[in-house]
Amino acid sequence: MDFGRDALFLDFDGTLVELCDRPDAVQVSERLIETLHALSERLDGRLALVSGRAIEVLDGFGMIGLAAAGSHGSEWRLANGERKYLPRPAGLDVAQQQFAVFADTADGLLFEDKPLGAALHYRRAPGMRDAAHDLARQLADDHKLHLQHGHDMVELRVPGVDKGTAICELLKLRPFAGFRPIFLGDDVTDEDGFEAVEASGGKAILVGEPRDTHASYRLSGVSAVNEWLAQSLQSQAPEGAARKTGGMQ
Ligand SMILES: [Mg+2]
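Just so you know, these numbers come straight off a predicted model, no measurement behind them. (Residues numbered from 1 in each chain as written. Predicted model: local features only at pLDDT ≥ 70, side-chain atom pairs only at ≥ 80, totals over all residues. Heavy atoms only, no water.)

### Focus on the domain arrangement of the chain
What counts is decided by this rule: Bear in mind that the domain bounds are from an automatic or database domain assignment. Contacts: residue pairs with any heavy atoms within 4.5 Å of one another. When two components associate, each loses some accessible surface as probed by a 1.4 Å sphere; the sum of these losses over both components is called the buried area. Any carboxyl oxygen of Asp or Glu within 4 Å of a side-chain nitrogen of Lys or Arg constitutes a salt bridge here. Polar contact is defined as a pair of N or O atoms within 3.5 Å, subject to the rule that within protein one atom must be able to donate a hydrogen and the other to accept it, and that residues adjacent in sequence are counted only when both atoms are side-chain atoms. Each residue is assigned to one of three groups, with Ala, Val, Leu, Ile, Met, Phe, Trp, Tyr, Cys and Pro labelled nonpolar, Asp, Glu, Lys and Arg labelled charged, and all others, Gly among them, labelled polar.
Domain annotation for the chain reports domain 1 (6–86 + 161–244) and domain 2 (91–157). Between domain 1 and domain 2, the C-alpha centre-to-centre distance is 25 Å. Taken together, the 21 residues of domain 1 in the interface contact 14 residues of domain 2. Counting the surface domain 1 buries against domain 2, the share from its top three residues, Asp21, Pro23 and His72, is 31%. Across the domain 1-domain 2 interface, the total number found is zero salt bridges. Along the contact surface separating domain 1 from domain 2 lie five residue pairs in polar contact (both at pLDDT 80 or more). Of the residues belonging to the side of domain 1 that touches domain 2, the class tally is eight nonpolar, five polar and eight charged.

Now the structure itself:
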């Protein structure tokens, strides 16, 4: 990482912290929180979390004071506290209610209420996957919501935005404007961000096993990411341990 040239965009779940059965049970170490704040300072505020989670939820994990794009690009906040969020679609209330009813029909299903979205997690009820997808697809059609697939979950949210639009939006603003974006993410929802970053001359880093991706670099997992961030903070070593993946396949 080049502290004079780069802007750092980081997915949260599966990138900075390990995925958990319950989204509220993820473990965030003090060391990670300290590292992120120190990196943000070193980058003059050019570090932003880019997450499907709401910003207020990220703040609950110790991220207050960092820039963030939350709810898959439906809201953002700069390190100085300036913020913007899109209006909540009317159909989301119905979708949330139906997801909550559905989640009560089987053990292991989990409904997650979000300010600008509604998610169904079936990690602990894999047999309900198809039914969850069917319901989500129907609700998305009926209420003109965006249907988003993630790790063992499906989500309905504000249409017209994604992690790519979120990063592009932040790159228009100070302190990010004019700097080279680096984006780390693990999920299919991060591919929009990878595309946006590579298209603007930046670097996309896939976290996890190799797969078809728009990212040109890869780190093996959450531990490798945490190590890379800590090492970057301590030195100016270019690119750390990220290996080239050979580009899009
Ligand atoms: Mg993730």
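### Observations regarding helix H3 (residues 91–103)
Note the cut-off: Counting from the N terminus, the helices are the DSSP runs of H or I reaching at least four residues and the strands are the DSSP runs of E reaching at least two. Between the first and last residue of a helix there are one fewer steps than residues, each counted as 1.5 Å, and that sum is the expected span. Working definition: with a 1.4 Å probe on protein chains only, accessible area under 20% of the residue-type maximum means buried, over 50% means exposed, and in between means partly exposed. Note that the arc is defined by the directions from the helix axis to the C-beta atoms.
Given a rise of 1.5 Å per residue, 13 residues ought to cover 18 Å, and the 18 Å separating the end C-alpha atoms of H3 matches this to within 8%. Regarding H3, the residues found buried are Gly91, Leu92, Ala95, Gln96, Phe99, Phe102 and Ala103. The buried side chains of H3 occupy one side of the element, clustering within an arc of 135 degrees when seen end-on. What points out from H3, more than 90 degrees from its buried face, is the exposed set Gln97 and Val101. Lining the buried residues of H3 we find strand E6 (110–114), strand E7 (117–121), helix H4 (129–143) and strand E9 (153–157).

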